[in-house]
Amino acid sequence: MLNVVIFGAPGSGKGTQSDLIVEKYGLVHLSTGDILRAEIAKGSEVGKIADGLISKGQFVPDDVIITVLDNAIDQHPTAKGFIFDGFPRTVVQAEALDSLLKKRNIRVSIMLNIDVHQAELVKRLLNRGKTSGRSDDNLATIQERINVYEQKTLPVIQFYDKQGKHVRIKGTGTMEEVFTSICEAIDHIK
Ligand code: AMP
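Rules of the game
Residues numbered from 1 in each chain as written. Predicted model: local features only at pLDDT ≥ 70, side-chain atom pairs only at ≥ 80, totals over all residues. Heavy atoms only, no water. Helix = DSSP H or I, 4+ residues; strand = E, 2+ residues; numbered from the N terminus. Rg over C-alpha atoms; globule rule 2.2 N^0.38 Å. Buried < 20%, exposed > 50% of the residue type's maximum accessible area, 1.4 Å probe, protein only. Contact = heavy atoms within 4.5 Å. Areas by Shrake-Rupley, 256 points an atom, 1.4 Å probe, with all protein chains shown as cover. Lys, Arg positive; Asp, Glu negative; His and termini not counted. Charge placed at Lys NZ, Arg CZ, Asp CG, Glu CD. Pairing = 2+ DSSP bridges. Axes fitted to C-alpha atoms, helices over the stretch in contact; angles between N-to-C directions. Expected span 1.5 Å × (residues − 1). Core = buried A, V, L, I, M, F, W, Y, C linked by side-chain atoms within 4.5 Å.

## Description of the overall build of the chain
In terms of regular secondary structure, the chain is built from nine helices and five strands. Along the chain, helices (α) and strands (β) appear in the sequence β-α-β-α-α-α-β-α-β-α-α-α-β-α when read from the amino end. Computed over its C-alpha atoms, the radius of gyration of the chain comes to 16 Å, within 12% of the 16 Å expected for a compact globule of 190 residues. Counting over 190 residues, the chain shows a buried share of 48%. Pairs at least 24 residues apart make up 75% of the contacts formed inside the chain by residues separated by at least 6 positions. Summed over its atoms, the accessible surface of the chain is roughly 9,700 Å², and 52% of this surface lies on carbon and sulfur atoms. Each charge class in the chain was averaged separately, 24 positive and 24 negative side chains, and the resulting centres sit 1 Å apart.

Structure follows, in structure tokens:
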């Protein structure tokens, strides 16, 4: 079973590349950001917790998002594999993902770290904000999201590095170029 963690700062292209990976490898795409936005639209309890935090660029608490992901995995009992997008965002979440998968006798196969420099991230997110309708694609929140990423999410790289699963992908260049690097990494999993 192929289970991919797609990792990178906000605006690094995780969503776009996930769509391409899903198409080629037939995986189930679990984006915690998408799930939370759907919960907000439904007006659920989780949605109420997430709403204010997302618009400020802050994280939803680990225990909440871990339960959300656990339930999301359960909804796909026949999946050939998963692509985890936007999760894990903290080391606590990375540890939780290992145990959530272990209890199902599966594991993370590879962590793809899409690397894009900061000026490019801000440019892409401001551009996306013109049409995305997302409460967090504005300059103040973008800067906060990048700060939170650097403080809380960067240590996740080391977590997967220690497991020998971290692969850095150059995230600048065309969508096709980035996807080619991703396929090379996936096709070379030992
Ligand atoms: P995304 O669509 O991945 O950029 O996520 C949008 C927002 O949802 C993030 O800025 C967080 O506020 C929240 N969120 C998504 N995934 C997580 C997560 N794994 N942990 C905490 N908060 C999350």
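More follows now that the structure is in view.
## A few points about unusual backbone geometry
A cis geometry characterises the amide bond from Phe87 onward to Pro88, with omega recorded as 0°. Not every positive phi belongs to a glycine, and Asn105 is a case in point at roughly 60°. Mapped onto the elements, Asn105 comes out in the loop between α5 (91–102) and β4 (110–115). Residue class for Asn105 comes out exposed when judged on its relative accessible area of 73%.

## What about the sheet that holds strand β5 (residues 166–170)?
With respect to topology, five strands assemble into an open sheet ordered β2-β3-β1-β4-β5, the strand pairing being parallel. Unpaired on one side and paired on the other, β2 (28–31) and β5 mark the two borders of the sheet. The mean angle between the axes of side-by-side strands here comes to 20°, regardless of whether they run parallel or antiparallel. The sheet contact formed by β2 and strand β3 (residues 81–85) spans four bridges and is parallel. In the strand pairing of β3, Leu30 is matched with Phe84. In the packing of helix α8 (residues 155–162) onto the sheet, contacts are made with β1 (2–8), β4 and β5, and the angle to β4 comes to roughly 140°.

## Here we look at helix α6 (residues 118–132)
Residues three or four positions apart in an α-helix share a direction because the helix packs 3.6 residues into each turn. In this model α6 runs 20 Å from its N-terminal to its C-terminal C-alpha over 15 residues, within 8% of the 21 Å that 1.5 Å per residue would give. Those residues of α6 not exposed but buried are Glu120, Leu121, Val122 and Leu125. Contacts from the buried residues of α6 go to α7 (139–153). Of the residues one or two after α6, Gly133 is the one with positive phi, at around 70°.

## Overview of the nonpolar core
For soluble globular proteins, the rule of thumb is that nonpolar side chains tend to be buried together. By size, the foremost hydrophobic cluster in this structure holds 57 residues, and its most contacted members are Ile21, Phe84, Leu97, Leu112, Tyr160 and Ile182. The biggest single contributor to this core is helix α4 (residues 62–74), with seven residues. Apart from residues lying up to four places away in sequence, Ile182 is in contact with Ile6, Gln17, Ile21, Leu112, Ile114 and Ile169.

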